[in-house]
Structure formats: C-alpha cells, structure tokens
Amino acid sequence: MPKISIIIPNHNYGRFIADAILSVKSQTLRDWECFIIDDASTDDSVAVIKRAIRGDKRFKLIQNKKRMGTSRARNAGMDAARGEYFAFLDADDCYTEYALEMLLNLATSMDAQIAGAQTLVVPHDFKYTPSPQKKDWNIGRSWIEQNPARFLMMPKQYNWCWVWRRIYRRDVIGDLRFVPEFTAAGEDIAFMMDLCHKTRRIVETETISVYHRIHPNSLMHQKFCVTSFEFFPTLFRHMRDNVCDKYHHSYLRAFYRALFTYLISTTIILPKQTGQHHDAARAVVIESCKLIPRRYLPFRQRILCWFLSCLK
C-alpha cells in the first residue's frame, strides 16, 4: 500500500499536464501512486498523458467517456486509491520536488490528520524544471491548529480551502467525497466544511509546496465572471442540509457573517462597479438569501438578507 495517493483531474489541459506529471515523477518521496482522471478531454490530453506516464506503473489513467466535472473526477480517483494519505493536484499546477516528503513528515511528526503548505503563483508560460537542490529542503515556520473549525472564519481568504495544497490521512476522510453538484467552483470549500468537523489537528507550514499556474482559463485569472458567484446557492443549500448541525453556533456565526459579506460583494457591488452580469448576480443573491439561516447573521445583515430574499 503506497504512502500517498495523488489524484489529478484533467479536462483539456494537454498543454500543462506533462509538467504536472513531471513534478510528480520528480518527488523526493518515491512511495506514491498517481491517478489521472481525464474528464472527456477534446484536445490532445490523453496522448500527452500516455507519453508522460509510459513505463511508470505508479501512474493510472482513468478516462471518462463524458464530462463529469472536477468533483466526480476526484471522487473516481479517491474510490480507486489505496494510499494511507490522499493528495490532490490540479492538471495545470506542479509540486515542488520535496512537497510530498515534507507534508508527510509534517503529518507524521506532528500527529496531524491534515498537513498543508503554501503556494507560489506562476505565469501561464511557467515551465517546470526539477531543481538540482531538490533534496535540500527545510520546513519553514509552521503552526498547529488544534481546532480546525477556526478555518471556517476565513471564507474570503479563499486559499484556506484549496485542497491541492494539503495531504489528508485516509482514516479522517473515510467515505467523504466531493459534492458532485459543484461543477465549476465551490467544491473545495464544501469539502473542507464537511471535513473540518471530523479533524482534530491540522498542521500548516509557510514553505512552498505547489506552483499554482495563472492562465486565461484559470478561475483566479478571471477577475469577475459568472463563475465567481454562481456556486453560492449550491454552497448555502449544502451547508443548510449537511453542515450546520456539525459545528458550534459561534463558529457558524463567524462563518456566515464573513460569507454573507463575500456574497454581497460579488453579486451586488462588483456587478455595479463592472457593469456586468447584473441579471445572473441578482438571481443568485435572491436564491442564496432564501437558503441562509438568518439566525447566524448579525442584526443588520439579517435585515438585508430578509429584504433580498423577498425580491423577485
């Protein structure tokens, strides 16, 4: 049984996936398996993947005949994985050479169920090259969170929920999977919401573990688009039906207060500033406000939420 199972979903990232695979091959930790789930790509992804993994039996390619979305693609990899830990990598990103060894060392030495590190944003033309110094790494300043629910207080700091900058012990994930209703965004935050209440310790370090590529198709590059807000109703519905009874009231108050502010900024303020997506944003904020438990909001937000929920 390998120490770490790496799961890489891919859709039409043939121009990037070879770099991602090379970064996995270059790991100082050798005890891993990697599942690449090609989600019905229409470019040359499959040919690129087959060339890149040829001769290395630690790689397994799963091909979806029709597009299933990132959540279902990751779930397929998790169902097939055998590792003691899970790791997720996006097809347009790359690991630093020491990433998995460092994270595994953090998790085991600190008796943590989740170990995470930081990301370095790189441009779209970034070319991964293994470093000759790849075995000389030191863990930077790190800290332990004995109460992982504190992460719920930071929904606007979206990198707190990026799943690909961490590894996760198999026994804490259990049968938990990504919510398939999320098709373009929001799946990471829902997954971490579902997971944090089961986790007793997370360790984080300031050392870089992932090169995060920014390109025209990446969500971070699209400063304001429908994808920026369309996931909100699905997220609020999932929280109402599956999450709220698992966390203390004080954490939910902090989380909903920050998330409501995030909702208003992306569905009311940004459309007004940019002159874009007014109708789609209006529909999203109205539907979202109908799903938010207003008891978790402070008085002024509660009144605004009620008013918006009454609009048609």
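How each quantity is defined
Residues numbered from 1 in each chain as written. Predicted model: local features only at pLDDT ≥ 70, side-chain atom pairs only at ≥ 80, totals over all residues. Heavy atoms only, no water. Phe/Tyr/Trp six-rings, centres within 6.5 Å; stacked < 30°, edge-to-face > 60°. Helix = DSSP H or I, 4+ residues; strand = E, 2+ residues; numbered from the N terminus. Buried < 20%, exposed > 50% of the residue type's maximum accessible area, 1.4 Å probe, protein only. Lys NZ or Arg CZ within 6 Å of the ring centre and 35° of its normal. Salt bridge = Lys/Arg side-chain N within 4 Å of Asp/Glu carboxyl O.

### Remarks on the packing of aromatic side chains
Given two aromatic rings, one states the distance between the centres and the angle between the planes to describe the pair.
At step 1: Throughout the structure, instances matching the rule amount to 16 aromatic pairs.
At step 2: Between Phe-232 and Phe-236, the aromatic rings sit 6.0 Å apart at their centres with planes inclined by 20°, giving stacked as the arrangement. Taken together, the positions of Phe-232 and Phe-236, both in helix 7 (residues 232-243) and four residues apart, correspond to about one turn of that helix.
At step 3: Judged by its relative accessible area of 0%, Phe-236 is buried.
At step 4: Pairwise contacts between aromatic rings join Phe-231, Phe-232, Phe-236, Phe-255, Tyr-256, Tyr-262 and Tyr-296 into one cluster.
At step 5: A cation over a ring is seen here: Arg-58 above Trp-32, with NZ or CZ 3.8 Å from the ring centre.
At step 6: Positioned over the ring face of Phe-178 is Arg-74, at 4.9 Å from the centre of the ring.

### Re the environment of Gly-69
At step 1: Structurally, Gly-69 is set in the loop between strand 3 (59-64) and helix 3 (70-80).
At step 2: The exposure class assigned to Gly-69 is buried, which follows from its relative accessible area of 8%.
At step 3: C-alpha of Gly-69 to C-alpha of Ala-40: the two residues are 29 residues apart in sequence and 9.5 Å apart in space.

### So, the pattern of salt bridges
Should their charged atoms come close, side chains of opposite charge can pair.
At step 1: Counting across every chain of the model gives 17 salt bridges.
At step 2: A salt bridge links Glu-33 to Arg-82; the nearest nitrogen and oxygen atoms lie 3.0 Å apart. With Glu-33 in strand 2 (residues 32-39) and Arg-82 in the loop between helix 3 and strand 4 (85-88), this residue pair connects regions lying 49 residues apart in the sequence.
At step 3: Judged by its relative accessible area of 3%, Glu-33 is buried.
At step 4: The residue Arg-237 makes a salt bridge to Glu-287 at a minimum N-O spacing of 2.9 Å. Within this pair, whereas Arg-237 is found in helix 7, its partner Glu-287 is found in helix 9 (residues 278-291), the two being separated by 50 residues in sequence.
At step 5: Linked by salt bridges that have partners in common, Asp-111, Arg-169, Asp-171 and Arg-200 make up one network.

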